[in-house]
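Tertiary structure, described
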Amino acid sequence: MQHFRVGRPQTGRRTIRARQGDRSRSRWLRCEALEPRALLAALVWTNRLTASDTLTAAERAVVDQALAWWNTLVIERPQVGPLALTILGGAGSGMDLGGNVTSFVTVQTSGNGTASATLRIDADAGGRGWYVDPQPADHQEFAQQQSEYLFTGGPAGLDLYSVVLHELAHALGFGTSPAFFSRLTAQADGTYLYRGAAGLQAVLDADRGHLSATAHPQDLLNASLALATRYLPSRLVVSLLADAHGYLANLPPLASRGTFFFDTAQYVAAEGEDAVQLVVQRGPSSGQAEVSYQVASGTAVAGGDYELSAGTLLFGDGEFEKSITINVLADAVREDPEWLRVELQHPSAAAALGSRTGTTVYIIDRADADWLARLYSDVLGRGASAAELAWWQERLALGQPRSQIATAFVTSRERRTAQLEAWYREYLGRGADAAGLSWWLAVWQSQGMHAVQAGLLASTESFNRAGGVQAWVSELYRVLLGREAAAHEIAWWVQRASSTTREAVVRSFLFSQEYGLLQLGAWYTTYLRREPDAAGTMYWLAELRKGTSPELVQAAILASPEYRSRQA
């Protein structure tokens, strides 16, 4: 039987090479795979269907299934987030990795895992040829099932699905991360002993990147992979990854009908939405199983804020995902976000609960949902995507104050960039250059808005464009105060300019009562759809004179109950 050898592990490269060898047999339980999911994935294929993705459609389907399989096992990387994966090569690329090298992965490691990785796949498996399974979710093409994780007697060639699964384990940190290496102890025979929590142990080869074939035969993370053979991630491999990196993981069960878990720890819905779907996933398994659910606690009121009764989900053989529907109701009371906790319970025989057995559903007021959408329109001048709104709804539901959210909008890089581009056109009569934008954004961040305005208007470019001090003063009146200057006003500022800096002159305009009134009028009209009242004018003018940032004044208006309750 011919095998392929994975080269010495190192951060940056991994190879599979041919050799001869034998494997012993063991008996475990068969696994099946889930459909791909995009939310909270541990692995995210970043260049899929881009110019650098040269895989064939069939190869792409195999990689998709391998990613889906790992994303059901390692469901979250809490401290490091999703791993950004770039995949290159394949039959369509003609990539030749040299000799009998079939693939290797380059990883960038951090203290507790990997942040990104690049997987390269040889065009023809180092001259041996790939077996590209048209249905990688099942293993029907392999004549014998030797164990839960090993199938033999398959079509000729090296199984692309097994190789990708192997390399993805390395990308996730198996034999490539400092956290993994820190748990290894050298032994007299040249192997390494992995020592983890709760007595977890494993023996690794001298390369520190693969499980010993003697101690752990027929494992996906052995250094050798055989032709016409399929390997799946074992319980041991997933346990080692979870132990080394703190991943939230579902272990492949032995003789089990699967583990049940929610796909995310929280959901957010707005009052009046038709429904929210809670997704329950079932880990690697076969056969039929069921799990119950019920509302465990919360401030939301059943029948008033939502409709949901306890129930049971029945998973048939080959089913790995079900949903629970919660109808979200609307009421006429303005209120802060409410929540309810839904828990999974009572899995059927031979099944178990996974690591995320509960999820929290936050219900935000309809006015808050409209408020968030209005911030995009009034502050950023555009509509919001569903993902953007969902992100901010979650922040609001988790308790972030409205004042902080409004401040985040008015101080965002997007808002400041748009304002800078407008000032370039208004103050300098041209578009903004990239270097200038970068410079002034940094000034804005460290010194505030007035420093940027003063710097632009007092610049040599602005002064020369106006054509002398009198014309420059006249231009300040037009762009900042929106009117023509009287002759005595120009004369006064020309005299003042002879004894102070141009920047000091501009700042005098920016802190003047006239300019402050214009700013307040614009904000009230744009955000509140009315003229400023006398009390509000006096209060905010005093704040501006004290040096309160205009952005913070805007944020306070945007976070006010009046703005939040605005109908259009």
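Residues numbered from 1 in each chain as written. Predicted model: local features only at pLDDT ≥ 70, side-chain atom pairs only at ≥ 80, totals over all residues. Heavy atoms only, no water.

Remarks on the overall build of the protein
Scanning the protein from N- to C-terminus turns up 18 helices and 27 strands. Look at the contacts in the protein between residues 6 or more apart in sequence, and 70% of them connect residues 24 or more apart. Put simply, the protein shows about 23600 Å² of open surface, and 51% of that area lies on carbon and sulfur atoms. (Helix = DSSP H or I, 4+ residues; strand = E, 2+ residues; numbered from the N terminus. Contact = heavy atoms within 4.5 Å. Areas by Shrake-Rupley, 256 points an atom, 1.4 Å probe, with all protein chains shown as cover.)

Quick look at the pairing of strand β14 (residues 201-204)
Alternating residues of β14 divide into A202 and L204, all buried, and Q201 and V203, none buried. Two strands pair when backbone bridges link them, and strand β13 (residues 192-195) and β14 are joined in this way by four bridges, in the antiparallel orientation. Bridged to R195 within β14 is Q201. Linking β13 to β14, which pair antiparallel, is a turn of five residues; within it A198 sits at a positive phi near 55 degrees. (Buried < 20%, exposed > 50% of the residue type's maximum accessible area, 1.4 Å probe, protein only. Pairing = 2+ DSSP bridges.)

Looking at helix α13 (residues 487-497)
Where α13 is concerned, the buried positions are E489, I490, W493 and A497. Seen end-on, α13 carries its buried residues on one side only, within an arc spanning 95 degrees. Along α13, exposed side chains directed more than 90 degrees from the buried face belong to A487, H488 and Q495. In this structure, the buried side of α13 is in contact with α12 (469-481) and α14 (502-510). (Arc of directions from axis to C-beta.)

Here's the deal with the sheet that holds strand β10 (residues 150-152)
With antiparallel pairing, the three strands of this open sheet are ordered in space as β9-β10-β16. The open sheet terminates on both sides in strands that have one partner only, identified here as β9 (144-147) and β16 (230-231). Bridging between β9 and β10 involves three bridges; their strand directions are antiparallel. In the strand pairing of β10, S147 is matched with L150.

Considerations on the sheet that holds strand β21 (residues 289-298)
An order of β19-β27-β25-β21-β23 is seen for the five strands of this open sheet, with the pairing classed as mixed. In this open sheet, the two edge strands, each paired with only one partner strand, are β19 (266-270) and β23 (311-315). Between one strand axis and the next, the sheet turns by 25 degrees as a mean value, whatever way the strands run. Sheet topology note: the β21/strand β25 (residues 338-345) ladder contains six bridges and is antiparallel. Residue pairing across strands places S292 opposite Q345, the latter belonging to β25. (Axes fitted to C-alpha atoms, helices over the stretch in contact; angles between N-to-C directions.)

Comments concerning the packing of aromatic side chains
Summed over the entire model, instances satisfying the criterion amount to 17 aromatic pairs. Ring geometry for Y376 and F409: centres 4.9 Å apart, planes at 90 degrees, overall edge-to-face. Remark: F409 occurs in helix α7 (residues 402-410) and Y376 occurs in helix α5 (residues 366-380); sequence separation between them is 33 residues. The class of F409 is buried, set by a relative accessible area of 3%. Between Y527 and Y563 the ring centres are 6.2 Å apart and the planes differ by 80 degrees, which places this aromatic pair in the edge-to-face class. Of this pair, Y527 sits in helix α15 (residues 513-528) while Y563 sits in helix α18 (residues 561-564), and the two are 36 residues apart along the sequence. Per residue, the accessibility class of Y527 equals that of Y563, and both read buried. The rings of F174, F180, F181 and Y194 are connected pair by pair, giving a single aromatic cluster. The side chain of R502 reaches across the aromatic face of F463, ending 4.5 Å from its centre. (Phe/Tyr/Trp six-rings, centres within 6.5 Å; stacked < 30°, edge-to-face > 60°. Lys NZ or Arg CZ within 6 Å of the ring centre and 35° of its normal.)

With respect to α14
Considered for burial, the residues of α14 that qualify are V505, V506, F509 and L510. In a view along the axis of α14, the buried residues occupy a sector of 140 degrees, so they form one face of it.

Looking at the environment of H346
Looking at where H346 falls in the secondary structure, it is placed in the loop between β25 and β26 (352-353). For H346 and E290, which are 56 residues apart along the polypeptide, the C-alpha to C-alpha distance reads 8.4 Å. Discounting chain neighbours no more than four positions away, the residues touching H346 are E290, V291 and S292.

Some details on the side chain of S462
Within the element layout of this structure, S462 appears in helix α11 (residues 460-466). On the basis of relative accessibility, which here comes to 5%, the residue S462 falls in the buried class. For S462, the contacting residues outside a window of four places in its chain are Y427, L428, L456, L457 and W472.

With respect to the confidence of the model for the protein
When pLDDT is averaged along the protein, the result is 87; 90% of the residues meet or exceed 70. Scored below 50 in pLDDT, residues 1-39 makes 168 contacts in the model with residues more than four places away or belonging to other chains. (pLDDT = per-residue confidence, 0-100.)

Points about the packing of helix α9 (residues 434-447) against helix α10 (residues 449-457)
Taken N-terminus to C-terminus, the directions of α9 and α10 make an angle of 135 degrees; their axes are 7 Å apart at the nearest point. For the element pair α9 / α10, the angle class is oblique. When α9 is examined against α10, the residues W440, V443, W444 and Q447 are found in contact with a partner set consisting of M449, A451, V452, G455 and L456. Tallied by class, residues from the contact of α9 with α10 come to seven nonpolar, two polar and no charged. (Parallel < 35°, antiparallel > 145°, perpendicular 65-115°, else oblique. Nonpolar A, V, L, I, M, F, W, Y, C, P; charged D, E, K, R; others polar.)

Focus on unusual backbone geometry
Excluding glycine, most residues fall at negative phi; most peptide bonds, likewise, are trans. Within the chain, L49 stands out as a residue other than glycine whose phi angle is a positive 60 degrees. Structurally, L49 is set in the loop between β3 (43-45) and α1 (57-73). Residue L49 is classed as exposed on the basis of its relative accessible area of 60%. Of note in this structure, A125 is not a glycine but carries a positive phi near 60 degrees. Within the secondary structure layout, A125 lies in the loop between β7 (113-121) and β8 (130-131). What makes A125 buried here is its relative accessible area of 0%.

Quick word on the nonpolar core
Core analysis: the largest hydrophobic core is formed by 61 residues, its most contacted members being W70, F174, Y194, L211 and L240. Take this core: its biggest share by element is eight residues, from helix α2 (residues 160-171). Non-local contacts of L240, meaning those with residues more than four positions away in its chain, are made with F174, F180, Y194, L200, A202 and L211. In terms of nonpolar packing, the next biggest core, distinct from the first, is built from 34 residues, A454, L456, F463 and L510 among them. (Core = buried A, V, L, I, M, F, W, Y, C linked by side-chain atoms within 4.5 Å.)

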